[in-house]
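# Geometric and topological summary
Spelled out, the chains give:
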Amino acid sequence: MKIISIVSPDEDQDRKAKIAEELSELVKKIPSIPVSFKLLERYSVEDAILEVSNGYDLTIIGDSSERFKISLLGTLSQRIARHSRKPVMIVKKIKTDLKRKPELPAEKVC
């Protein structure tokens, strides 16, 4: 598995170093599978993801609907899924309500 983080070429060098350090720490927390990371400098996040994703069998991307919503074009993850030549899995962020305990299903559904 490869984790890709995209930063602007104009980003401050200290910020780039901090992102690389955070990714390195994240990779260390997943010892059970081979994981590496790559920090890409690109102006277009969408183009960078599409460029990299074509070299892999599957792209997994988080749902970015809260931050990157664009009414006519769709979210970043939707645009990636629409334009990628390879399969894309969009993972939705779990919203938790800390005041309420999660309800367990009454029965299992297969």
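Throughout what follows, the structure given in this document is the object of discussion. (Residues numbered from 1 in each chain as written. Predicted model: local features only at pLDDT ≥ 70, side-chain atom pairs only at ≥ 80, totals over all residues. Heavy atoms only, no water.)

### Re the environment of serine 24
Let me state the cut-off plainly: Numbering goes from the N terminus for both helices and strands, where a helix is a DSSP run of H or I of at least four residues and a strand is a run of E of at least two. Remark: exposure states derive from per-residue accessible area (1.4 Å probe, protein chains only) relative to the maximum for the residue type, with buried under 20%, exposed over 50%, and partly exposed in between.
Position of serine 24 relative to the elements: it lies in helix H1 (residues 13–28). You can call serine 24 partly exposed: its relative accessible area is 25%. In this structure, the C-alpha to C-alpha distance between serine 24 and phenylalanine 37, residues 13 residues apart in sequence, is 7.3 Å.

### A short note on a negative patch on the surface
Stated formally: Residues form patches when they are more than 30% accessible in relative terms and have no salt bridge. Like charges link within 9 Å. Nonpolar side chains (Val, Leu, Ile, Met, Phe, Trp, Tyr) link within 5 Å. Per-residue and other accessible areas were derived by the Shrake-Rupley procedure at a 1.4 Å probe size, with only the shown protein chains allowed to occlude residues. When a carboxyl oxygen of Asp or Glu is within 4 Å of a side-chain nitrogen of Lys or Arg, the pair counts as a salt bridge. Residues counted as positive are Lys and Arg, residues counted as negative are Asp and Glu, and His and the chain ends are not counted. Just so you know, the charge point we use is NZ for Lys, CZ for Arg, CG for Asp and CD for Glu.
Taken together, Asp10, Glu11, Asp12 and Asp14 make up a surface patch of like negative charges. Relative to the helices and strands, aspartate 14 is located in helix H1. For aspartate 14, a relative accessible area of 62% puts it in the exposed group.

### What to know about the nonpolar core
Heads up, the condition is: Residues enter a nonpolar core if they are buried and are Ala, Val, Leu, Ile, Met, Phe, Trp, Tyr or Cys, with the set joined through side-chain atoms within 4.5 Å. By the convention used here, residues are in contact when the closest approach between their heavy atoms is within 4.5 Å.
Within the largest apolar cluster, 6 residues are counted, these being Ile3, Val7, Ile19, Leu23, Val27 and Val35. Sorting the residues of this core by element identifies strand S1 (2–7) and H1 as the ones contributing at least two each. For this core, the element with the most residues is H1, which contributes 3 residues. Excluding residues within four positions of it along the chain, valine 7 makes contact with Lys16, Ile19, Leu39, Leu40, Glu41 and Arg42. Ile49, Leu50, Leu76 and Ile80 belong to the second largest nonpolar core, which has 5 residues in total.

### With respect to the side chain of serine 53
Following the sequence through the fold, serine 53 ends up in helix H2 (residues 45–53). Serine 53 sits in the buried class, given a relative accessible area of 3%. If sequence neighbours within four positions are ignored, serine 53 has contacts with Thr59, Ser84 and Lys86.

### Overview of H2
All buried positions along H2 are accounted for by Glu46, Ala48, Ile49, Leu50, Val52 and Ser53. Looking at the packing, one finds that the buried side of H2 touches S1, strand S2 (36–41), strand S3 (59–62) and helix H3 (76–83).

### Quick notes on the packing of H2 against H3
Applicable threshold: Angular values range over 0 to 180 degrees, each being the angle between N-to-C directions of two axes fitted as lines to C-alpha atoms, with helices fitted over their stretch in contact. For classification, angles of less than 35 degrees are called roughly parallel, those exceeding 145 degrees roughly antiparallel, those between 65 and 115 degrees roughly perpendicular, and all remaining angles oblique. Less than a right angle of anticlockwise turn of the near helix away from the far helix marks a crossing as left-handed, whereas a clockwise turn marks it as right-handed. In the scheme used here, Gly and all other residues not listed as nonpolar or charged are polar, with Ala, Val, Leu, Ile, Met, Phe, Trp, Tyr, Cys and Pro taken as nonpolar and Asp, Glu, Lys and Arg as charged.
Two elements in contact, H2 and H3, have axes separated by 10 Å at closest approach and are oriented at 40°. Relative to H3, the element H2 is oriented oblique. Judged by the twist between their axes, the crossing of H2 over H3 is right-handed. Packed against H2, whose contacting residues are Val45, Glu46, Ile49 and Leu50, the element H3 presents Leu76, Arg79, Ile80 and His83 at the interface. Residues that form the contact of H2 with H3 fall into these classes: 5 nonpolar, 1 polar and 2 charged.

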